[in-house]
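# Summary of structural features
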Amino acid sequence: MSGEFHPWRLPVPSLWLDIFQKIKAMGFNCASFYSNWALLEGKPGNFSAEGVFAYEQFFEAATKAGVYLIARPGPYINAEVSFGGFPGWLQRVKGHLRTPDEDYLAATDNYAAQIGTIIARAQVTNGGPVILYQPENEYTVGVSIPFPSGKYMQYVEDRARNAGIIVPLISNDAVALGHNAPGTGLGEVDIYGHDAYPVMFDCGNPSTWPPLALSGTYHQIHELQSPSTPFSLVEFQGGAYDPWGGPGFNNCAAFINNEFERVFFKNNFAAGAAIHNIYMIYGGTNWGNIGHPGGYTSYDYGAAISEDRTITREKYSELKLEAEWLKVSPDYLIAQPGPALVWTYANNAAITVTRLGGNTTLGSGSFFVVRHSDYSSTTSDNYTMKLPTSEGDISIPTLVDVLTLHGRDSKIVATDYDVRGIRLLYSTAEILTHQKFENATVLVVYTGPDETNELTVKINGGSLVVPDSIRVNRSEELVTLAWDTSPTRRIVQIDDLHIYILDRNSAYNYWVPEINGSSSLIINGPYLVRSASIENGALFVLADFNRSTIFEVIGAPRNTTTLIINGEKTDFKIQDERIVTNISYSAPSLDIPLLSELSWSYIDSLPEIQTSYDDSLWEAADHPSTNNSYQTLYTPTSLFAGDYGFHAGVLLFRGHFTAKGTEKSFEIKTQGGTAYGHSVWLNDIFLGSWIGSVSNSNYDATYQLPSLTKGESYVLTVVIDHMGLDGNYVPGIDTGKAPRGILNYRLASSLIDTTPITWKITGNFGGEDYVDRVRGPLNEGGLYAERQGYHQPHPPIQNFTSGSPFSPPNKPGISYYTAPLSLDLPSDTYDIPLSFSFRNVAGGAARIQLYVNGWQFGKFIGHIGPQTNFPVPEGILDYKGENWIGLAIWRMEESDETPVLEFTLEAGVPVLTGREPVVLVQSPAWSQRQGAY
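To keep things clear, this report deals only with the structure shown in the data block. Worth saying up front: this structure is predicted, and the values here are computed from it rather than measured.

Pairing is parallel across the open sheet formed by 7 strands, whose spatial order is β4-β3-β2-β1-β7-β6-β5. Two strands lie at the open edges of the sheet, namely β4 (130–135) and β5 (193–196), each paired on one side alone. Averaged over neighbouring strand pairs, the angle between their axes works out to 25° when direction is ignored. Bridge count between strand β1 (residues 2–5) and strand β2 (residues 30–34): 3 bridges; the pairing is parallel.

What follows is the structure, encoded as structure tokens:
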């Protein structure tokens, strides 16, 4: 089992181990990751993978946690990032992207060589964690070009091999079309894989599963397309993206929830999935301007691990149950998937069963995946089963009347199942784990609420200890147990086999940490178990706690004399050969400052509308043509930001003209991506705004002008919110080249005449020669405060005025506020989620950008939504020192309302933690930027 995790969406390298430990604790042995070209080569030929963009610590963290990696460097990645991970300068490449056009291929060479070399050093053959390499991404459909191009795929693969990649290459067709599968010729990979997002992304209706979403033909298609390779689901739906104006990621988590995992993931197991990678396992944050225009700052994705790194969603625990079962069920890998059948194995047409058949003559077991025939059913159905086993066909249950499958549930019934040399003839209860310890073999099973289940053990004679609430039948070689689900744990002892019978909610609290390559312990109680080890009679455990609990270790060696939890020696008792201790948790007192009481300073961040403003250092927007092959040029010179090296963040244009005196209106068509907006001023006179919508990526606007004086010079200032570049999902169309900026304009001086305008443009200071090498090419935009670096710590507030964002100006414009924020939180022992929250913003439409120690960690657009809460990780925030908070507030409307801003810092539930200390990332303070304008 594997899950997707992007290190660049959590720009605190010391926290990467935290995520890997949470992945490993689920029973997973692998993770996959994209590398984002746009963050590494912001200027052609200038590749930089340092600081938070370096991969060495990422690889080290994976190795330390015991997690293998699937590397997915593109060059195209999609990933709901700007331009699908392409750097913005590719907009100037005339050839089709993701094709064998020579100028595109040449543009990829430096990145491919550099990232390939970095990944090659981390291959498992070099002692690293990388076991697979994916060239390209979802290379599945093309338009108006020969497709698929084996020549193109072969080029991408050759660049990887030339960089030293020797691990197998794996593909991920967006759907199972067989592209580039082994045996297809030029461009073929070693292992064919495909993706699947069966219920799509309608988070607004989280309880609705669409029809025909559950595939019953995965195995059959795999046998046709790539029978010689493991069945690989390289991206299987683990959440959903959410657009601007969407319902929010909590809805997505409710949509792709624990029930979805039970039904859809177990259906994948029924098809024999051997490489099962979930997208996403941890989503993280689109800080800066990383994201695409179809999404907002959060990339939580409704994943099992939340954006703030908490693991309180039930789907995390459900995944753990499934992954731990896979770890101890090697027969699954050799079982033969069969068809999904009704009536064959169950006596109710409402129940469908798929057999994964084992070879009983060779001693391997079988698995029967049970689900509703209508997979979206919310009803409960009773059934009995007739199953083939090594003892012949058996009808179950035998001690009770029926089995029950509740709505949106699925179960895996095992037959002839090996438990460390002991055989279960069958079990309708699901298996969590089994381990052989020096004093006993322990089997842990669990059942859902309001169910009756049973299992039968093949065993000769011996002692039998059964609680009163368990029904039992014993014959010469079989012991059959039946029980109703109860929150009370029951333990059955059959000689040296100890069967722990749990309800599912209790099973969620069990962890199975590895103590070496071949054995594990079972630990009950903590919020999280990060690791366990045994040395010289001492048991060392790193664990997290969010409540007081009994801490129980099953299977510790009898010679264990010392228990050390999170570095502290802990007293314990031995109860029935289990180590037991009590962990006391009390939430610490947190001193969270009121942001309204900080010492705020203010500066106008739109001085460009003042008559005294000098734009002589701005880039002249004077290109008479464009290399952009997607968009026709309708203006006398290009006003496409990408032509001038500006690829992210707010854009500003200043248009100079000499009035004829007859101009009455200004027409303009701008483009910034979904949910973007623009504002226009004539000198310092506000003309109006397009405040944005979820359905517009561009907009035609007409603004009426005041009377102009013939011969006088005027300046139009246009501010455009750049929401990221579109993806380039379909080769041949090149939608990612859709420019940002001004597509057309007309300053009408009569019905047929126009007044010429000379334009200048700016975006982030330096453009592709961005000056903040630490925070990278996508952190800043073109706001005055950003160009000056005032969003960084310790700006020159002696040049600012006192002013609070809680009482901002009530007229359109852009204001920048900054304040020091001191924290003193007990982060050495507690993991404390912090987030900035915006509520009750009044005074007309506004766009607000949040900066934390110079890192842009939030874009709030209250009139579009949905995000109001912006988590910021420790490491960006200094939990034991001074921070600098910045707010850029762009008011887009004139309003009679009194401007109001409710802006708070909020803490989640502190978790007593065994993680490693968080190391502050480098966050350079303000210094004078030479040539800043």
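This brings us to the pattern of salt bridges. Enumeration over the complete set of coordinates arrives at 42 salt bridges. Among the salt bridges present, the one from glutamate 514 reaches lysine 327, with a minimum N-O distance of 3.5 Å. Of this pair, glutamate 514 sits in the loop between β25 (510–511) and β26 (522–524) while lysine 327 sits in helix α9 (residues 314–327), and the two are 187 residues apart along the sequence. Three or more residues joined by partner-sharing salt bridges are found here, namely Asp18, Lys22, Arg309, Arg530, Asp544, Asp831, Glu874 and Arg915.

Moving on, we get to helix α3 (residues 56–65). Buried within α3 are the following residues: Phe58, Phe59, Ala61, Ala62 and Ala65. The arc that holds every buried residue of α3, seen down its axis, measures 160°, which confines them to one face. Exposed residues lying more than 90 degrees from the buried face of α3 are Glu60 and Lys64. Residues of α3 that are buried sit in contact with β1, α1 (16–25), β2, β3 (68–74), α4 (102–121) and β4.

Taken together, the side chains of Val143, Tyr630 and Ile733 present a nonpolar region at the surface, about 220 Å² in accessible area. For isoleucine 733, the location among the structural elements is in the loop between β41 (713–720) and β42 (741–748).

Tallied over the full model, the rule gives 1 disulfide. Between cysteine 203 and cysteine 252 runs a disulfide, and the two sulfur atoms are separated by 2.1 Å. Negative torsions about the S-S bond denote left-handed disulfides, and the value of about 110° found for cysteine 203 with cysteine 252 makes this one right-handed. A residue pair is termed long-range when its members are at least 10 positions apart, and cysteine 203 in the loop between β5 and α6 (218–225) and cysteine 252 in helix α7 (residues 249–255) qualify at 49 residues. On the basis of relative accessible area, cysteine 252 is assigned to the buried category, the value being 0%.

Following the sequence through the fold, asparagine 883 ends up in strand β51 (residues 880–891). Given a relative accessible area of 0%, asparagine 883 falls into the buried group. One polar contact links asparagine 883 to asparagine 853, side chain to side chain, over a distance of 2.9 Å. Looking at asparagine 883, its side chain comes within polar contact range of the main-chain oxygen of glycine 881, at 3.4 Å. In contact with asparagine 883, not counting residues within four places along its chain, are Ala819, Pro820, Leu821, Leu823, Asn853, Ile876, Leu877 and Asp878.

Per the counting criterion, the structure on display carries 68 aromatic pairs. Look at phenylalanine 20 and phenylalanine 58: their rings are 5.0 Å apart centre to centre, the planes differ by 50°, and that puts the pair in the tilted class. Taken together, the positions of phenylalanine 20 in helix α1 and phenylalanine 58 in helix α3 put the pair 38 residues apart, joining distant regions of the chain. Here phenylalanine 20 matches phenylalanine 58 in class, with each residue buried. When the ring of phenylalanine 249 is compared with that of tyrosine 296, the centres are 5.4 Å apart and the planes differ by 50°; the resulting orientation is tilted. One end of the pair, phenylalanine 249, is in helix α7; the other, tyrosine 296, is in the loop between β7 (275–282) and α9, with 47 residues separating them in the sequence. Tyrosine 296 matches phenylalanine 249 in its accessibility class, with the two residues each being buried. Aromatic ring contacts, followed pair by pair, group Trp37, Phe47, Tyr76, Phe83, Phe86, Trp89, Tyr104, Tyr111, Tyr139, Phe147 and Tyr152 into a single cluster. One cation-aromatic arrangement involves arginine 9 over tyrosine 299; the distance from NZ or CZ to the ring centre is 3.5 Å. Lying across the ring of tyrosine 155, arginine 159 places its NZ or CZ 4.2 Å from the centre.

Analysis parameters
- Residues numbered from 1 in each chain as written.
- Predicted model: local features only at pLDDT ≥ 70, side-chain atom pairs only at ≥ 80, totals over all residues.
- Heavy atoms only, no water.
- Pairing = 2+ DSSP bridges.
- Helix = DSSP H or I, 4+ residues; strand = E, 2+ residues; numbered from the N terminus.
- Axes fitted to C-alpha atoms, helices over the stretch in contact; angles between N-to-C directions.
- Salt bridge = Lys/Arg side-chain N within 4 Å of Asp/Glu carboxyl O.
- Buried < 20%, exposed > 50% of the residue type's maximum accessible area, 1.4 Å probe, protein only.
- Arc of directions from axis to C-beta.
- Contact = heavy atoms within 4.5 Å.
- Patch = residues over 30% accessible without salt bridge, like charges linked within 9 Å, V, L, I, M, F, W, Y side chains within 5 Å.
- Areas by Shrake-Rupley, 256 points an atom, 1.4 Å probe, with all protein chains shown as cover.
- Disulfide = S-S within 2.5 Å.
- Polar contact = N/O pair within 3.5 Å; in protein donor to acceptor, adjacent residues only side chain to side chain.
- Phe/Tyr/Trp six-rings, centres within 6.5 Å; stacked < 30°, edge-to-face > 60°.
- Lys NZ or Arg CZ within 6 Å of the ring centre and 35° of its normal.

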